[in-house]
Amino acid sequence: MKMPSLLLAATLFAAVASVHAAMPAQPSLQVTTLEGKPFDLAAQRGHWVIVNFWATWCVPCIKEMPDISRFVASHATVRAIGLAYEDSDKADIQAFLAKHPVSYPIAQVALDSPPKDFEEPRGLPTTYLIAPDGHVAKRFVGPVTPQSLGAAIGAGK
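Just so you know, these numbers come straight off a predicted model, no measurement behind them. (Residues numbered from 1 in each chain as written. Predicted model: local features only at pLDDT ≥ 70, side-chain atom pairs only at ≥ 80, totals over all residues. Heavy atoms only, no water.)

### So, the sheet that holds strand S4 (residues 78-85)
No. 1: If you walk across this open sheet you meet the 5 strands as S5-S4-S3-S6-S7, and the pairing is mixed. Looking at which strands have only one partner, the edges of the open sheet turn out to be strand S5 (106-109) and strand S7 (136-141). Across the sheet, the mean angle separating the axes of adjacent strands is 20° when strand polarity is ignored.
No. 2: In the sheet, strand S3 (residues 48-54) pairs with strand S6 (residues 126-130) via 5 bridges, with the strands oriented antiparallel. By the bridge assignment, Asn52 is partnered in S6 with Thr127.
No. 3: Lying on the sheet, helix H4 (residues 146-155) is in contact with S3, S4, S6 and S7; it crosses S7 at an angle near 155°. (Pairing = 2+ DSSP bridges. Helix = DSSP H or I, 4+ residues; strand = E, 2+ residues; numbered from the N terminus. Axes fitted to C-alpha atoms, helices over the stretch in contact; angles between N-to-C directions. Contact = heavy atoms within 4.5 Å.)

Structure (structure tokens):
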């Protein structure tokens, strides 16, 4: 009886490992911002990039947006892209951003077709810090702060 249990455990481990291995070390991301401009993660090489999944209804997301905005504005080597992860009308997201402006571009990502190279967020906000060479330096689940971003960048140098 122990043998089937061991086999089942090994199979489950392999399945979980393959799910986590699905995200490439250097993810690609090509989206169109709400302003109609293209954003290509590969074009950001040489800079740190904050890829932030958020939603208008997410209170921690709303709290962290000004912090991310100020962090990007005060660090010349840092860029950001906000991915509105929800099925809302574009106009609703734009109205939200009029009340909560940010200094970085925003694109809408549909729940049924998230970016292929990023794991589907298990909670919001979810933020990926991409290093200047394009690899994922850190993934944050929950709100980021200027301190947590700065520490991750300092550790990744």
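### Focus: the state of the cysteines
No. 1: This structure, assessed with the given rule, holds 1 disulfide.
No. 2: In this model, Cys58 is linked to Cys61 through a disulfide, with the two sulfur atoms separated by 2.3 Å. Around the S-S axis, the bridge from Cys58 to Cys61 shows a dihedral of about 75° and counts as right-handed.
No. 3: What makes Cys58 buried here is its relative accessible area of 3%. (Disulfide = S-S within 2.5 Å. Buried < 20%, exposed > 50% of the residue type's maximum accessible area, 1.4 Å probe, protein only.)

### Brief notes about the packing of aromatic side chains
No. 1: For the structure on display, the rule yields 5 aromatic pairs.
No. 2: Here the aromatic rings of Phe53 and Tyr85 are separated by 5.7 Å at their centres, their planes lie at 85°, and the arrangement is edge-to-face. Placement of the pair is Phe53 in strand S3 and Tyr85 in strand S4, with a sequence separation of 32 residues. A single burial state applies to Phe53 and to Tyr85, both of which are buried.
No. 3: Members of the aromatic cluster, joined through ring pairs, are Phe53, Tyr85, Phe118 and Tyr128.
No. 4: Above the ring of Phe140, the side-chain terminus of Lys138 is found at 5.4 Å from the ring centroid. (Phe/Tyr/Trp six-rings, centres within 6.5 Å; stacked < 30°, edge-to-face > 60°. Lys NZ or Arg CZ within 6 Å of the ring centre and 35° of its normal.)

### Section: helix H2 (residues 59-74)
No. 1: Between its terminal C-alpha atoms H2 stretches 24 Å, which fits the 22 Å expected from 16 residues at 1.5 Å a residue.
No. 2: All of the buried residues along H2 are Cys61, Glu64, Met65, Asp67, Ile68, Ser69, Phe71 and Val72. (Expected span 1.5 Å × (residues − 1).)

### Digging into the environment of Ala137
No. 1: Along the chain, Ala137 falls in strand S7.
No. 2: Aside from chain neighbours lying at most four places away, what touches Ala137 is Trp48, Leu129, Ile130 and Ala131.

That's the geometry; what it means functionally is another story.
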